[in-house]
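# Commentary on secondary and tertiary structure
Residues per chain are reported as follows:
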Amino acid sequence: MTDTLDKPVLEDGGAPEGGAAPKRLFIKTYGCQMNVYDSERMADVLRPLGYAPTDTADGADFVILNTCHIREKAAEKVYSELGKLREMKERRAAAGQGGMTIAVAGCVAQAEGEEIMKRQPAVDLVVGPQAYHQLPELLTRTARARGERIGADFAPNEKFDALPATRGTEGVTAFLTVQEGCDKFCTFCVVPYTRGAEWSRPVAAVLDEARALADRGVREVTLLGQNVNAYDGEGPDGKPFTLARLAYALAEIPGLDRIRYTTSHPNDMSDDLIAAHGDLDALMPYLHLPVQAGSDRILRLMNRKHGRQKYFDLIDRIREARPDMAMAGDFIVGFPGETDRDFEDTMDLVRRVNYASAFSFMYSPRPGTPAATMAAQVPDAVAKERLHALQALLTEQQVAFNQSLAGRVLPVLFEKKGRHGAQAIGRSPYLQSVHVDDADQLIGRIVPVEIISGQQNSLSGRLIQTN
Ligand code: SF4
């Protein structure tokens, strides 16, 4: 999981029963969409306790940092944020405005929980990604004895069973976690150590949550998992469902018109999933399929367990099933031992695949991962230069793809109001933002839009029909 959403997740929440003033909850979310989902679910478990979201930590009764361990210096950023929170907490107490409970959640909590409690005494709770359903209980215990820590064990099944059936999600799109953990052990990645082994939610639980979302007006779900296409949740007959079978079942839910999933591993791109892209209209033609590097030698060092040719063959088969498939990827440049020749293989792969969008980063060592101690670490200056060249190519491809849609009519799901007048912003099937004037009455609907132009990060369009 590699894209970043370094912004707070806000939830609408109701006042607690009995009319008492709601307690203010601020959740700051770092990292991938799975953390965004987890933050939403934390707000859900805390809502019955009277916590309503606020958009700033200042004045909040409960602050949660939902952390990500994937980026360099992740823990340092958390400590720096905690330093600021500690000052706020002290100011609040000195002014007689009551306490502020501070929790650290997510993957940094999982990896460094003990250390966090030692280094920052202002932290009341540390809760790993598989234990946030216990937040209400932890809060109660913390009121009595500060310093309780929980969540080192991986038990995603217990977590999902304990979460409330209803979600506070508003809007027409939603994330839905269906799988957690990873058994792949890429040599640069901490996920197998922080999220545990691969585990899939049972089909019935996923369908129940999806139906509840559809009842609230959600038209598009993005199924989440660290290795989402390795999904093998238990079906109604006790046998595992593949992700493709799950997608067919979800497509039957009235009102749920669009299904996406992320993030996938090339080795789990099964035949039935590729075929589903050819015949299931609800499955959107946008696939995030990270490859990380284009050199077989580097792919071996990364322990990706596939080579470049296998990736090319997969892309060919996917595009045969769904010719307009927009491909997205992740890339790491400057992996230990990467030569100019290896990097040129990555550039060549990008030219051949032609991406609609991609995330690319300079390699940075994660403590505890095998790659962190590999010889031949690439100097920063070299890695920066390579990243610059790769990003220039990826941007060129993204712009070309967006511009190629000018003149086409695309079904757009309108999500929210735009900045100007009655402008509305929607989503194309290829996950681009589409800006359309005089369309704010269409939020929640899927409407044909003629694309006028494509920019780097969005499309502009006009309505050709409003009913
Ligand atoms: S497949 Fe590799 S990069 Fe992805 S979560 Fe697993 S170990 Fe990390």
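In this text, all values refer to a predicted model and were calculated from it rather than measured experimentally. (Residues numbered from 1 in each chain as written. Predicted model: local features only at pLDDT ≥ 70, side-chain atom pairs only at ≥ 80, totals over all residues. Heavy atoms only, no water.)

This brings us to the UniProt feature "binding site: [4Fe-4S] cluster 1" (unreviewed entry) in the protein. The feature "binding site: [4Fe-4S] cluster 1" (unreviewed entry), as annotated in UniProt, sits at Cys32, Cys68 and Cys107 in this numbering. The largest pairwise C-alpha distance within this set of annotated residues, which runs over 76 residues, is 11.0 Å, so the set is compact in three dimensions. Within the secondary structure, Cys32 sits in the loop between β2 (23–29) and α1 (33–46). The exposure class of Cys32 is buried, given its relative accessible area of 8%. You can see Cys68 is positioned in the loop between β4 (62–67) and α2 (74–94). Given a relative accessible area of 15%, Cys68 falls into the buried group. (UniProt positions renumbered as here; feature names shortened; annotations may be inferred. Helix = DSSP H or I, 4+ residues; strand = E, 2+ residues; numbered from the N terminus. Buried < 20%, exposed > 50% of the residue type's maximum accessible area, 1.4 Å probe, protein only.)

Compared with the 20 Å implied by 1.5 Å per residue over 14 residues, the 20 Å span of helix α11 (residues 308–321) between its first and last C-alpha is a close match. Within α11 the residues assigned to the buried category are Arg308, Tyr311, Phe312, Leu314, Ile315 and Ile318. The buried residues of α11 occupy an angular sector of 160° when the element is viewed end-on, so they sit on one face. Away from its buried face, by an angle of more than 90 degrees, α11 presents the exposed residues Asp316 and Glu320. Elements that come into contact with the buried residues of α11 comprise α9 (271–279), β13 (286–288), α10 (296–301), β14 (326–333) and α12 (340–353). (Expected span 1.5 Å × (residues − 1). Arc of directions from axis to C-beta. Contact = heavy atoms within 4.5 Å.)

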